[in-house]
Amino acid sequence: MDFIVALLKKLPILPIVLFIAGLALGLLFGYVIAPVEFVDATPSYLRVDLQEDYLRMAIDSFRLNSDPNLAVQRWQNLGEGAQQAYANIQANPGSADPNVVKAYGDVITKVLSAGGGQQPETTTGGLGLSSPIIIGVLGIVLLGVLGAGGFYAYRLLGKRGSGEVTAVMHASEISRNTEKTNFEDLGLAPPITQTMTTYVLGDDLYDESFSIDTQAGEFMGEYGVGVSEAIGVGDPKKVTALEIWLFDKNDIKTATKVLMSQHAFNDPEIRSRLERKGELVVVEPQAQVLLETATLQLLATVIDLEYGKGPMPADSYFERITLELAIWPRQG
């Protein structure tokens, strides 16, 4: 179950949703709304051997009914395959009279060279694009795609108004301006990957995930952090706990720890709800939390922490918290 959850976290949700929506729309349009229907289809759609059988029957019918227009119409029904089918019958008449085969060919040559005969018409059934049903369905799908795209852009760019600095933008700026730890100066090997991530009050959709890849580009796993628990009511959410996770492709279980505020850590009811998610850890400035899987280690460091000052219990929700997440291969 942990493996499935971690796998779902790393999937690009929006492209998958749009792909499924487009596929469903295509199937609905192609098989329900306006399916392709052949009406009075000609033998030109038959296999080569069946086209030959058709022409043999046309020649046999010509022996009894020598109407040249009917003969040419049946010839033209075969389209481009008529000439090859006729050559096959000439080479192997079978039960057909070779004289009748030749006479049929002479009639076809004579009429077509004189510009006679007419190409039979084929029509296709189905609803046209002017159908109100199709227009309505396309309109709904278009609105859905535009809505999903707008939400994605809103989340990605963090824009709620022209020139307004949002929580997402503020958090990104803090992460960019926070200096990363130089682990080599501390006598440690440089990490595979090292990331700063910041939660700021107002980012109700805070959920960060990052890929772990070798220098050669081989996927090793993924890690991330997101909102685990909020307290109180009203907007914005008052986040009292964050969930850090580490997914290792070589481990069936995802390592998870929950970073809790002082108030949440001391609240038995909140603790009981969060214990099933992973080990509970109280957040403190400069505190470090280690997560381990079969082949990976994640060290999370609380670089900066500030609690909210609203009408809630002291130290109960985060105003801002910056975490440094660093990944190493697990030795031994």
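Going by the structure above, here's the rest.
1. Some points on the packing of aromatic side chains
And then number 1: On inspection of all chains with the given rule, the structure shows 7 aromatic pairs.
And then number 2: A ring pair is formed by F210 and Y223, whose centres lie 5.3 Å apart and whose planes are at 35°; its orientation type is tilted. A residue pair is termed long-range when its members are at least 10 positions apart, and F210 in strand β4 (residues 207-213) and Y223 in strand β5 (residues 219-231) qualify at 13 residues. Neither F210 nor Y223 differs from the other in exposure class; each is buried.
And then number 3: Considering the side-chain rings of F219 and F247, the 6.5 Å spacing of their centres and the 35° angle between planes classify their relative orientation as tilted.

2. Some details on a nonpolar patch on the surface
And then number 1: Residues I16, F19, I20, L23, L27, L28, Y31 and V32 make up a contiguous nonpolar surface patch of roughly 830 Å² in combined accessible area.
And then number 2: Position of L23 among the secondary structure elements: in helix α2 (residues 13-33).

3. Remarks on the sheet that holds strand β10 (residues 296-307)
In a beta sheet, neighbouring strands pair by backbone hydrogen bonds and run either parallel or antiparallel.
And then number 1: Spatially, 4 strands are ordered β3-β11-β10-β9 in an open sheet, and the strand pairing comes out antiparallel. A strand with exactly one partner marks an edge of an open sheet, and here the two such strands are β3 (193-200) and β9 (288-292). Averaged over all neighbouring strand pairs, the angle between strand axes comes to 20°, with direction disregarded.
And then number 2: Where β3 meets strand β11 (residues 318-329), 8 bridges bridge the pair, whose relative direction is antiparallel. Counterpart to T193 in the pairing with β11 is I327.
And then number 3: Against the sheet, helix α8 (residues 167-177) contacts β3 and β11, and its axis sits at roughly 140° relative to β3.

4. Topic: the packing of helix α3 (residues 48-64) against helix α6 (residues 98-113)
And then number 1: Remark: α3 packs on α6, axes separated minimally by 9 Å, with the N-to-C direction vectors making an angle of 95°. Between α3 and α6, the crossing angle belongs to the class labelled roughly perpendicular. Each of L55, A58, I59, F62 and R63 in α3 lies in contact with α6, whose residues at this interface are V100, V101, A103, Y104 and V107.
And then number 2: Its residues placed into classes, the contact of α3 with α6 shows 9 nonpolar, no polar and 1 charged.

5. Points about the pattern of salt bridges
And then number 1: Within the structure shown, the criterion is met by 12 salt bridges.
And then number 2: As a salt-bridge pair, K249 and E218 come within 3.0 Å of each other at their nearest N and O atoms. With a gap of 31 residues between them, K249 in the loop between β6 (238-248) and β7 (255-260) and E218 in the loop between β4 and β5 connect regions that are remote in the sequence.
And then number 3: On the basis of relative accessible area, E218 is assigned to the partly exposed category, the value being 46%.

6. With respect to the sheet that holds β6
And then number 1: The 5 strands lie next to each other as β4-β5-β6-β7-β8, forming an open sheet whose pairing is mixed. The two strands at the open ends of the sheet, each matched to only one other strand, are β4 and β8 (279-282). Direction aside, neighbouring strands of the sheet carry axes that sit 20° apart on average.
And then number 2: Direction of pairing for β7 relative to β8: parallel, over a ladder of 4 bridges. Within β8, the position partnered with L259 by the bridge is V281.

7. What to know about the pairing of β7
And then number 1: With respect to burial, β7 is a largely interior element, 6 of its 6 residues being buried.
And then number 2: What you see with β7 is no split at all: A255, K257 and L259 on one side and T256, V258 and M260 on the other are buried throughout.
And then number 3: Across 6 bridges, the pairing between β6 and β7 is antiparallel. Within β7, the residue paired with L242 across the bridge is L259.
And then number 4: Between β6 and β7, which follow one another and run antiparallel, lie 6 residues.

8. Focus: the nonpolar core
And then number 1: Membership of the largest hydrophobic core comes to 28 residues, with the highest contact counts inside it found for I244, L246, L298, F318, I321, L323 and L325.
And then number 2: Residue assignment for this core shows that the elements contributing at least two residues are β4, β5, β6, β7, β9, β10 and β11.
And then number 3: Membership of the second largest hydrophobic core comes to 19 residues, among which are W75, L78, A85 and I89.

9. A short note on empty space enclosed by the protein
And then number 1: Across all of its chains, the model carries 1 cavity of 30 Å³ or more by this definition.
And then number 2: Roughly 30 Å³ of internal volume is contained in the largest cavity.
And then number 3: Every residue lining the largest cavity is listed: A58, F62, N65, D67, L70, A71, R74 and Y104.
And then number 4: At the level of secondary structure, the elements contributing two or more residues to the lining of the largest cavity comprise α3 and α4 (68-77).
And then number 5: Per-element tally for the lining of the largest cavity: the top contributor is α4, with 3 residues.
And then number 6: Split into classes, the residues belonging to the lining of the largest cavity amount to 5 nonpolar, 1 polar and 2 charged.

Conventions used here
Residues numbered from 1 in each chain as written. Predicted model: local features only at pLDDT ≥ 70, side-chain atom pairs only at ≥ 80, totals over all residues. Heavy atoms only, no water. Phe/Tyr/Trp six-rings, centres within 6.5 Å; stacked < 30°, edge-to-face > 60°. Helix = DSSP H or I, 4+ residues; strand = E, 2+ residues; numbered from the N terminus. Buried < 20%, exposed > 50% of the residue type's maximum accessible area, 1.4 Å probe, protein only. Patch = residues over 30% accessible without salt bridge, like charges linked within 9 Å, V, L, I, M, F, W, Y side chains within 5 Å. Areas by Shrake-Rupley, 256 points an atom, 1.4 Å probe, with all protein chains shown as cover. Salt bridge = Lys/Arg side-chain N within 4 Å of Asp/Glu carboxyl O. Pairing = 2+ DSSP bridges. Axes fitted to C-alpha atoms, helices over the stretch in contact; angles between N-to-C directions. Contact = heavy atoms within 4.5 Å. Parallel < 35°, antiparallel > 145°, perpendicular 65-115°, else oblique. Nonpolar A, V, L, I, M, F, W, Y, C, P; charged D, E, K, R; others polar. Core = buried A, V, L, I, M, F, W, Y, C linked by side-chain atoms within 4.5 Å. 1 Å grid on protein atoms, 1.4 Å probe; cavity = no way out; pocket = protein on both sides within 12 Å on 5 of 7 lines; lining within 4 Å. Points joined across faces, edges and corners; volume = space filled by probe spheres on them.

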